[in-house]
Amino acid sequence: MADQSTNSAQTAEADKGYWQANLRLIYISLAIWALVSFGFGILLRPLLSGISVGGTDLGFWFAQQGSILVFLVLIFNYAWRMNKLDAEYGVDEE
Amino acid sequence: MDQFTINLLFVGASFALYIGIAIWARAGSTSEFYAAGRGVHPVTNGMATAADWMSAASFISMAGLIAFTGYDNSTFLMGWTGGYVLLALLLAPYLRKFGKFTVSEFIGDRFYSQTARIVAVICLIVASVTYVIGQMTGVGVAFGRFLEVSNTTGLLIGAGVVFAYAVFGGMKGVTYTQVAQYCVLITAYTIPAIFISLQLTGTPVPALGLFGDTASGEPLLTKLDAIVTELGFNEYTTHHSNTLNMVLFTLSLMIGTAGLPHVIMRFFTVPKVSDARWSAGWALVFIALLYLTAPAVGAMARLNISEMMWPNGGIDGGAVSVEEIDNDPRYDWMATWQKTGLLDWEDKNGDGKIQYYNDKSESMQALAEEKGWVGNELTKFNRDILVLANPEIANLPGWVIGLVAAGGLAAALSTAAGLLLAISSAVSHDLIKGAINPQISEKGELLSARIAMAVAIVVATWLGLNPPGFAAQTVALAFGLAAASIFPALMMGIFSTRINNTGAVAGMLAGLVVTLVYIFLHKGWLFIPGTNSFTDADPLLGPIKSTSFGAIGAMVNFGVAYVVAGMTKETPQEIKDLVESVRIPRGAGVAQDH
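Residues numbered from 1 in each chain as written. Chains lettered and ligands numbered in written order. Predicted model: local features only at pLDDT ≥ 70, side-chain atom pairs only at ≥ 80, totals over all residues. Heavy atoms only, no water.

> Which residues make up the overall build of chain A, and what values go with them?
Summing up its helical and strand segments, chain A has 3 helices and 2 strands in all. Listing the helices and strands of chain A from first to last along the sequence gives α-α-β-β-α. Relative to a compact globule of 94 residues, whose C-alpha radius of gyration would be 12 Å, chain A shows 20 Å and is clearly more extended. Along the first, second and third principal axes, the C-alpha set of chain A runs to 70 × 25 × 15 Å. Within chain A, contacts between residues separated by at least 24 positions form 56% of all contacts whose residues are at least 6 apart in sequence. Summed over its atoms, the accessible surface of chain A is roughly 4900 Å², and 63% of this surface lies on carbon and sulfur atoms. Charge-centre separation for chain A: the mean point of 5 positive side chains lies 14 Å from the mean point of 9 negative side chains. (Helix = DSSP H or I, 4+ residues; strand = E, 2+ residues; numbered from the N terminus. Rg over C-alpha atoms; globule rule 2.2 N^0.38 Å. Contact = heavy atoms within 4.5 Å. Areas by Shrake-Rupley, 256 points an atom, 1.4 Å probe, with all protein chains shown as cover. Lys, Arg positive; Asp, Glu negative; His and termini not counted. Charge placed at Lys NZ, Arg CZ, Asp CG, Glu CD.)

Here is the structure:
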């Protein structure tokens, strides 16, 4: 009995650590998500106007293509990191 | 063979393919009807999600809206892709772990309340029906053109086809059909874009051509900026619209993407939680193929159209003559599109030429006076025709035009079918089986699902006859509604144990009602023309247009839910345990029906 309760306490602890690690990854990813779209694409575009890209500036590129490419990287990075975290904390599906 | 026959051949062949697949993969059980037995590989699922997702709004409408506005409409590009980040990080894996069939089921169980489930069903139906209206608008444009009939007739024919096709399959039929539709629509979108990019910039990749140089060595975008400003329009690449509205609109589209039931449902059909994460990524890969091309299609089409109307090097060379439009085969597309009533021109000053310019611009008015023009003579150019007319404008071979016809219809049909499926499962599974008559037989449930589809399509067709905007704009309203109601409830359900039943219900209702009222105030009550008190040109709240209000609605939803939850009874322990278990992939079994 005693063994079992330490076990479940350990599991609960591990689950908590897993969730914290997940949240950290989500915060970082969403910060980048907002930076490239709302930031570079819209609000910070004037700051990037000095960097020219094919007849216009970098902000235009981020608004029309760059942000989409970054979104892709974010999702695949998240999936890859989380699947690793699942295994690390022993919470993956058998 | 004339163009009409070629179009019919392409459209007919693609339809035969879809119907063939739908029959082959017909759903037998309710489980197959809703979730394709959960045996779908992430890449396949990603492709089907992409087809489901990219509708008439993306395929037919979006590039046209970008073409005529330029940078300011980048909102569609960022908004409709950025939502996948939210979906992948905040919703998909947890909803898959939860393992039920519908979005409202999750809301009902998590907020331990039949009321919450029913409110979720209502939110879902309101957003989905609005979305179907947008699809019907697109279907009307496409059928109108290819059958060479009026827009209204095209819409009625389209409604019949969508109906016949959606009642067939259920999710299983729809999944494999949508894979085929994705292939058709992406080929149809890319091939003309490659041709046009080669013509204008010599680059076979349209996404790169957009930032490439034209034959004269001048960058494409510089050339485009020069010609549109010469005609008195806003410069293409610069920012003209209100920044706050632009941010809110983008945010609405993003949150809405993550709140649309037919997209979320897709993540119930993958075998594992880890697959749900990959699936969202694959979906965005397939979507990005079109979305990276779309801004190129828009810019290049705008340049082509401007040069066609002023064929001899801008205003000094003189406008195109009526005689050329009538006789030169390069201008044949204008006559064919005139038949749909979506394109028109008129030689107002009787000089035998058609002057296309911005007659609202003061400097152009001065120039017009000097030249004897009495207003813009390209009197009508519906934005929704641009993508479909694009291959004709660029003078591409007939088979490309036929292919685009098939692609546009594939986009509209796949989304309409996915939405109808979401609506029907909400009604039959959540409303009838979940609340009204839990004893209903499997057969009765499938029958009520099909009846719900029929009703939804009739309502959407009726409202689609007088759409509240271009296809993409109507669809944007649907996103606002989903953003304000469904997404916050799902997110709070996973990330906060504090939100209880009363909080969630109050939040959803507040978000939905405030957004719906704001939309109706600007677009007319139930979208009936003339019943609106404000217009989007001069909105009620500062610069915030009705299409951007979803982001505000979502904030209202979050805020109300927190305040109400803080004042009412705490979430019971077993629900807190449920939330904990949803957060951990371990033990995600096959989903159960209840």
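> Requested: an account of the pattern of salt bridges, with residues and values cited.
As enumerated under the stated definition, the model contains 11 salt bridges over all chains in all. One salt bridge connects Asp86(A) with Arg277(B), and the closest N-O pair in it is separated by 2.9 Å. Here Asp86(A), found in helix 3 (residues 58–88), pairs with Arg277(B), found in helix 13 (residues 273–309), and the two come from separate chains. Arg277(B) carries the same exposure label as Asp86(A), and that label is buried. One salt bridge in this structure joins Arg117(B) and Asp430(B), with 2.7 Å as the shortest N-O distance. (Salt bridge = Lys/Arg side-chain N within 4 Å of Asp/Glu carboxyl O. Buried < 20%, exposed > 50% of the residue type's maximum accessible area, 1.4 Å probe, protein only.)

> Any chance you could break down the interface of chain A and chain B for me, citing the residues and the numbers?
The interface of chain A with chain B comprises 43 residues on the first partner and 52 residues on the second. Taking both partners together, chain A and chain B bury about 4200 Å²; carbon and sulfur atoms supply 73% of that area. Applying the counting criterion to the chain A and chain B interface returns 2 salt bridges. The interface formed by chain A and chain B includes 13 residue pairs in polar contact (both at pLDDT 80 or more). (Buried area = accessible area lost by both parts, 1.4 Å probe. Polar contact = N/O pair within 3.5 Å; in protein donor to acceptor, adjacent residues only side chain to side chain.)

> Describe the packing of aromatic side chains, naming the residues involved and giving the relevant values.
All names here are of chain B. Counted according to the given criterion, the structure contains 30 aromatic pairs over all chains. For the ring pair Tyr-94 and Phe-495, a centre distance of 5.7 Å and an interplane angle of 80 degrees mean the geometry is edge-to-face. Of the two residues, Tyr-94 sits in helix 5 (residues 74–98) while Phe-495 sits in helix 20 (residues 471–495), which places them 401 residues apart along the sequence. For Tyr-94, a relative accessible area of 3% puts it in the buried group. Relative to Phe-479, the ring of Tyr-131 has its centre 5.5 Å away and its plane inclined at 50 degrees; by these criteria the two rings are tilted. (Phe/Tyr/Trp six-rings, centres within 6.5 Å; stacked < 30°, edge-to-face > 60°.)

> Describe the domain arrangement of chain B, and please don't skip the residues or the numbers.
Residues and elements named next belong to chain B. Partitioning chain B into structural domains gives domain 1 (3–109 + 123–222 + 234–304 + 390–472) and domain 2 (308–383). For domain 1 and domain 2, the distance between their C-alpha centroids amounts to 34 Å. Contact residues are listed per partner, giving 16 residues for domain 1 and 12 residues for domain 2. Interface area for domain 1 against domain 2, summed over the two sides, is near 1400 Å², with a carbon-plus-sulfur share of 64%. Contact with domain 2 buries area across many residues of domain 1, yet Phe-68, Arg-145 and Ile-393 alone supply 36% of it, more than any other trio. (Domains from an automatic or database assignment.)

> Tell me about the environment of Gly407(B), residues and numbers included.
As for its position among the elements, Gly407(B) is in helix 18 (residues 398–436). With 396 residues separating them in the primary sequence, Gly407(B) and Val11(B) have C-alpha atoms 8.4 Å apart.

> Lay out unusual backbone geometry in plain terms, naming residues and giving numbers.
Residues and elements named next belong to chain B. Phi is positive for Tyr-112, which is not a glycine, with a value near 30 degrees. By secondary structure assignment, the location of Tyr-112 is in the loop between helix 6 (103–110) and helix 7 (114–146). Positive phi outside glycine occurs at Leu-526, with the angle close to 50 degrees.

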